[in-house]
Amino acid sequence: MDRIKEKMNQLRLEADESAAQVEELKAKVKQLEQENLSKEQEITSLSHKNNVLESEVEKLEQVVKDLKSSADQGQAHGTENEALNRKIQLLEEEAEESDKTLREANERLRQTDVKAGHLERKVQALESERDTWEKKYEEMAKKYNDVQKELEEFQAQISDI
């Protein structure tokens, strides 16, 4: 009987140990289930975060694509702007050359006007001198005609004598 008691005590001890082990394992299972639930929630949270980030990545990729397109257009505009600046510079140089030519033409015109004024005064002086000579010629022609008549009359009187 002592053996039975001992066996029973041993079985009780084993049962107590088993019960303690079961409690320990139940606690461990409960802890692992809690960890599992926590991990599942974390996975759900991370999945949602991943979806949000993927959506944001798509938006950012679209923004990058738009910015690249804008940059390409900006570069095209930059090239066009450079061409227009060169054209403006050429037109400004052409305008400066035209201004220079115009100033030279105006200077020549002014000099021509001065010469024309001088020549007009010279022409007026020459016309005045010509008029004076014409008057002298007319007076001399009249005197000549008068003298000629006197000579003819004198010759006629001499022939009558």
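Residues numbered from 1 in each chain as written. Predicted model: local features only at pLDDT ≥ 70, side-chain atom pairs only at ≥ 80, totals over all residues. Heavy atoms only, no water.

Engineer: Just give me the short version of the overall build of the protein chain, but keep the residues and values in it.
Structural biologist: The secondary structure content of the protein chain amounts to one helix and zero strands. Over its C-alpha atoms the protein chain spans a radius of gyration of 66 Å, topping by over 25% the 15 Å that the globule rule assigns to 161 residues. For the protein chain, the C-alpha atoms occupy an extent of roughly 225 × 15 × 15 Å along the three principal directions. Residues classed as buried in the protein chain amount to 1% of the 161 residues present. A gap of 5 Å separates the mean positions of the 27 positive and 40 negative side-chain charges of the protein chain. (Helix = DSSP H or I, 4+ residues; strand = E, 2+ residues; numbered from the N terminus. Rg over C-alpha atoms; globule rule 2.2 N^0.38 Å. Buried < 20%, exposed > 50% of the residue type's maximum accessible area, 1.4 Å probe, protein only. Lys, Arg positive; Asp, Glu negative; His and termini not counted. Charge placed at Lys NZ, Arg CZ, Asp CG, Glu CD.)

Engineer: Requested: an account of the pattern of salt bridges, with residues and values cited.
Structural biologist: Here the structure, examined in full by the defined rule, presents three salt bridges. The residue Arg 110 makes a salt bridge to Glu 107 at a minimum N-O spacing of 2.5 Å. Taken together, the positions of Arg 110 and Glu 107, both in helix α1 (residues 2-160) and three residues apart, correspond to about one turn of that helix. Residue Glu 107 is classed as partly exposed on the basis of its relative accessible area, which comes to 34%. In this structure, Glu 134 engages Arg 130 in a salt bridge whose closest nitrogen and oxygen atoms are separated by 3.6 Å. Residue Glu 134 and its partner Arg 130 are located together in helix α1, separated by four residues, close to a single helical turn. Several salt bridges converge on common partners, so that one network encompasses Arg 130, Asp 131 and Glu 134. (Salt bridge = Lys/Arg side-chain N within 4 Å of Asp/Glu carboxyl O.)

Engineer: Residues and numbers for the environment of Glu 42, please.
Structural biologist: By the secondary structure assignment, Glu 42 is in helix α1. Glu 42 sits in the partly exposed class, given a relative accessible area of 41%. A C-alpha to C-alpha distance of 36 Å links Glu 42 and Leu 67, two positions 25 residues apart in sequence.

The values reported here are purely geometric and, on their own, carry no functional implication.
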